[in-house]
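Observations on the three-dimensional arrangement
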Amino acid sequence: MMSVNTHHAPRRGVRVVASGKCLPETRLTNHDLESCMETSHEWILKRTGITERRRARWDEGEKTSTLATNALRAAMQNANIAPDQLDLLLVATMTPDTPTPSVSCIVSRELGCGNIAAIDINAACSGFIYTMNLADAMARTGMYNTIGVIGADCITQFIDYSTYGRGAAILFGDAAAAIVLQASDDIELGMIAQRMHSEGEGSKHLFIPSQQIDFPDQEDYDERKLKKVQMNGQAVFKFAVSKFQEVIENTLNDAGLTADDVDHFICHQANSRILEAARERFGIPEEKLLVNIHKYGNTVAASAPLVFDELREAGRIQPGQRVMFLAFGAGLTWGSSLWQL
Ligand code: COA
């Protein structure tokens, strides 16, 4: 497969300035799920590592844009940057409030960012990683200086919380997290290697159908599946384990680094067993690969930046470190973004 990689003679670098997050208040524990479907806390914990997840009150107006706005507001407060200093806003999401306006336009309006460029990007769970790569490129060209990058999803509205939908129901939660980036005179800072991949053939393993014609295999059609996440768990698991490890290896090779040279692997939290397999394969110590899936489940595009924000809040993100953002998801998509902080 062709490699698409490191920059040629960048004129400037990109600094990660701050991060923030927003989690819905409502918690959905494994025990809550036991009361609406045939499952058990023990089964979920053993197979996924998840104990609870959050759920946005969509019916009460708590939407993707609400979480996204609050996450970016928190990040900008941490960065001590005013909304009108941003000149580009990128939102990774597969669950916009409505087809239009975009989540980024709503966030810009709510925060008072003015007439800035506002773009939504849909690469499902890989969205934040894709977006970090695009943000770095747009800052390095000199076109944009201060960029808000948000991962935000409210996927639980597309979940069937009955025994029929239990395969996907146990996994997902709602959240948003954001990072603020700024162009820097230090050309060493910013993304140093990246990968972005897709495989449309695999879309049949993870999709949300709107109508009968959206089912890749018409025999699978069932009205109960409309507008609900459809997932072939075992196929996605196999894809994730192999691509996750492949993308880590390729990114390290592209950068001429080993796993020891990376301070934090900031991974999409889909299943603790997938993360554990990667950790063992590359001999990554536990403290370099934070797992927080037990608290939030799989939060789609918010997942990796939530990990980053947790590390930053704990004082574990420091200038001079190298961090690798990693994700895989529906599409199918997968990717990496290795940063010099
Ligand atoms: N509670 C209890 N039992 C369940 C269950 C649940 N929530 N979901 C499925 N089961 C049952 C199945 O019906 C099956 O029963 P059977 O053996 O009697 O037929 C059994 O458990 C095993 O099902 P299986 O689908 O093989 O389980 P699994 O070990 O593959 O685990 C997942 C299921 C979803 C946890 C796992 O496949 C997974 O994590 N896949 C990756 C999903 C993912 O990461 N998606 C997002 C990508 S961004």
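You'll find the structure just up there.
The structure reproduced in this document is the subject of the present report. (Residues numbered from 1 in each chain as written. Predicted model: local features only at pLDDT ≥ 70, side-chain atom pairs only at ≥ 80, totals over all residues. Heavy atoms only, no water.)

Brief notes about the overall build of the chain
Scanning the chain from N- to C-terminus turns up 10 helices and 13 strands. For 341 residues, the compact-globule estimate of 2.2 N^0.38 gives 20 Å, and the C-alpha radius of gyration of the chain, at 19 Å, lies within 12% of that figure. Projected onto its principal axes, the C-alpha coordinates of the chain cover approximately 55 × 45 × 40 Å. Residues counted as buried form 54% of the 341 residues belonging to the chain. For the chain, the share of sequence-separated contacts (at least 6 apart) that also reach a separation of at least 24 residues comes to 77%. (Helix = DSSP H or I, 4+ residues; strand = E, 2+ residues; numbered from the N terminus. Rg over C-alpha atoms; globule rule 2.2 N^0.38 Å. Buried < 20%, exposed > 50% of the residue type's maximum accessible area, 1.4 Å probe, protein only. Contact = heavy atoms within 4.5 Å.)

Structural notes on the pattern of salt bridges
If charged atoms from side chains of opposite charge come close, those side chains can pair. Within the structure shown, the criterion is met by 15 salt bridges. Close ionic contact of E310 with K295 constitutes a salt bridge, the shortest N to O distance being 3.1 Å. Remark: K295 occurs in helix 9 (residues 293–296) and E310 occurs in helix 10 (residues 303–313); sequence separation between them is 15 residues. The partly exposed category is assigned to K295, whose relative accessible area is 27%. It is possible to trace a salt-bridge network through shared partners that takes in K21, D309, R312 and E313. (Salt bridge = Lys/Arg side-chain N within 4 Å of Asp/Glu carboxyl O.)

Points about the nonpolar core
One finds M132, I147, I179, L181, I266, F325 and W339 to be the most contacted residues of the largest nonpolar core, which totals 28 residues. In terms of residue count, helix 5 (residues 127–140) provides more of this core than any other element does, five residues in total. Excluding residues that lie within four positions of it along the chain, F325 makes contacts with F128, I129, M132, I179, I266, F308, G335, S336, S337 and W339. (Core = buried A, V, L, I, M, F, W, Y, C linked by side-chain atoms within 4.5 Å.)

Notes on the packing of helix 3 (residues 64–79) against helix 4 (residues 103–111)
The interhelical angle for the contact between helix 3 and helix 4, taken along N-to-C directions, is 55°, at an axis separation of 9 Å. The orientation of helix 3 relative to helix 4 falls into the category oblique. In this structure, helix 3 crosses over helix 4, and the sense of that crossing is right-handed. Residues T64, S65, A68, T69, L72 and R73 of helix 3 form the contact with helix 4, whose participating residues are V103, I106, V107, E110 and L111. (Axes fitted to C-alpha atoms, helices over the stretch in contact; angles between N-to-C directions. Parallel < 35°, antiparallel > 145°, perpendicular 65-115°, else oblique. Left-handed = near helix turned anticlockwise from the far one by under 90°.)

Regarding the packing of aromatic side chains
Going through the model one piece at a time under the given rule, you end up with seven aromatic pairs. Here the aromatic rings of F207 and F215 are separated by 6.0 Å at their centres, their planes lie at 90°, and the arrangement is edge-to-face. Like F215, F207 is buried. An aromatic cluster is present here, built from F239, F244, F328 and W334 joined pairwise through their rings. Above the ring of Y164, the side-chain terminus of R224 is found at 3.6 Å from the ring centroid. (Phe/Tyr/Trp six-rings, centres within 6.5 Å; stacked < 30°, edge-to-face > 60°. Lys NZ or Arg CZ within 6 Å of the ring centre and 35° of its normal.)

A word on the sheet that holds strand 12 (residues 322–329)
Taken together, four strands build an open sheet; the order of strands is 8-13-12-11 and the sheet is mixed. A single partner strand is all that each edge strand has here, and the edge strands are strand 8 (190–198) and strand 11 (264–267). In this sheet, adjacent strand axes meet at a mean angle of 10° when their direction is disregarded. Pairing of strand 11 with strand 12, which is carried by four bridges, proceeds in the parallel orientation. Directly across from H264, in strand 12, lies its bridge partner V323. The strands touched by helix 5 within the sheet are strand 8, strand 12 and strand 13 (333–340), with strand 8 carrying the most contacts at an inclination of about 130°. (Pairing = 2+ DSSP bridges.)

Considerations on unusual backbone geometry
Trans peptide bonds make up most of the peptide bonds, and negative phi angles are found at most residues other than glycine. The amide bond that connects T100 to the next residue, P101, takes the cis arrangement and shows omega of 5°. Following the sequence through the fold, P101 ends up in the loop between strand 4 (88–92) and helix 4. In this model, G331 is joined to L332 through a cis peptide bond whose omega is -10°. With respect to the element layout, L332 can be found in the loop between strand 12 and strand 13. Unlike most non-glycine residues, N80 shows phi in positive territory, near 60°. For N80, the position within the fold is in the loop between helix 3 and strand 4. Even without glycine at this site, V300 takes up a positive phi of about 55°.

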